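A closer look at the structure
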Amino acid sequence: MDSTQLLIRPARTHDVQAIRSLVEPLAQERVLLQKEAVAYYEAIQEFVVAEAPDGSLAGFGALHVIWEDIAEVRTLATARAWRGHGVGHLILDQLLARARAVGVSRVFCLTFEVEFFTRHGFSVMADQTAVDPEVYSELLRSLDEGVAEFLDLARVKPNTLGNTRMIMQLEE
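Let us look at the structure shown here.

About the thresholds
- Residues numbered from 1 in each chain as written.
- Predicted model: local features only at pLDDT ≥ 70, side-chain atom pairs only at ≥ 80, totals over all residues.
- Heavy atoms only, no water.
- Helix = DSSP H or I, 4+ residues; strand = E, 2+ residues; numbered from the N terminus.
- Buried < 20%, exposed > 50% of the residue type's maximum accessible area, 1.4 Å probe, protein only.
- Salt bridge = Lys/Arg side-chain N within 4 Å of Asp/Glu carboxyl O.
- Phe/Tyr/Trp six-rings, centres within 6.5 Å; stacked < 30°, edge-to-face > 60°.
- Expected span 1.5 Å × (residues − 1).
- Contact = heavy atoms within 4.5 Å.
- Core = buried A, V, L, I, M, F, W, Y, C linked by side-chain atoms within 4.5 Å.

Positioned with a positive phi, Arg30 is a non-glycine residue whose angle comes to about 65°. Structurally, Arg30 is set in the loop between α1 (16–28) and α2 (37–42). Look at Thr75: it is not a glycine, yet its phi comes out positive at around 50°. Considering the arrangement of structural elements, one finds Thr75 in strand β4 (residues 70–78). In this structure Thr75 comes out as buried when scored by relative accessible area, which is 12%.

Now the structure itself:
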């Protein structure tokens, strides 16, 4: 499999079923959380996909902006057949480019793939208060579970599945 043949493009609504199908086995393994279809449709503009020449999805990922200077890489996954072929790298590069384009200077993720993200410039969050108190107070008002996970709130601990919280500072 040659990742140079993949088309990295914005996700479209017709990709949702394929995304959910690829998430399902990972959710059963407790690597990702399965979401309702409506959640994917509501966030479709946040996703990019890697489309194989046959039209199937080789992988996908999303970038969710949380605040002026910070966003989260969400639901980054590669189809089993494409793992180890650079698909995750291509998708992450596209998400980081999107982060820069919208003015975000930091990107975080919750992951079991610590080595993958470390190779791409992320580090384990040592400082559990990655935002100042005023921003923290504002973020507490968010209903988004990813924001609660970023804030490391106790109510979402079961959702984090034991993931590692990682962050990277984007270069200008």
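Past the structure itself, the notes keep going.
Further remarks concern the pattern of salt bridges. Following the criterion strictly, the structure yields 5 salt bridges and no others. Note that Asp15 and Arg9 form a salt bridge whose closest N and O atoms lie 2.8 Å from each other. Here the two residues Asp15 and Arg9 agree in accessibility, since each one is buried. The residue Glu29 makes a salt bridge to Arg80 at a minimum N-O spacing of 2.2 Å.

This brings us to the packing of aromatic side chains. Across all of its chains, the model carries 4 aromatic pairs by this definition. With a centroid separation of 6.0 Å and 55° between ring planes, the pair formed by Tyr40 and Phe47 is classed as tilted. Side by side, Tyr40 and Phe47 carry an identical accessibility label, which is buried. Ring centres of Phe117 and Phe122 lie 5.0 Å apart, and the angle between their planes is 80°; this geometry places the pair in the edge-to-face category. For the residue pair Phe117 and Phe122, the accessibility class agrees, reading buried in each case.

On to α1. Between the first and last C-alpha of α1 there are 18 Å, a value that for 13 residues agrees with the 18 Å anticipated at 1.5 Å per step. Taken as a whole, α1 has its buried residues at Val16, Ile19, Val23 and Leu26. Considering only its buried residues, α1 is in contact with α2, β2 (47–51), β3 (57–67) and β4. Remark: Arg30 follows α1 within two positions and exhibits a positive phi of approximately 65°.

The topology assignment puts Gly103 in the loop between α3 (87–101) and β5 (106–111). The spacing of Gly103 and Ala71 is 32 residues in sequence and 9.9 Å in space, taken between C-alpha atoms.

As a further point, take the nonpolar core. Of all hydrophobic cores here, the largest spans 26 residues; its most connected members are Val73, Leu92, Val107, Phe117 and Phe122. Elements represented by at least two residues in this core include exactly β2, β3, β4, α3, β5, α4 (114–119) and β7 (164–169). Broken down by element, the residue count for this core peaks at 6 residues, all from α3. Residues in contact with Leu92, not counting those within four places in the same chain, are Val73, Leu76, Phe116, Phe117, His120 and Phe122. In terms of nonpolar packing, the next biggest core, distinct from the first, is built from 15 residues, Ala11, Ile44, Val49 and Ala77 among them.

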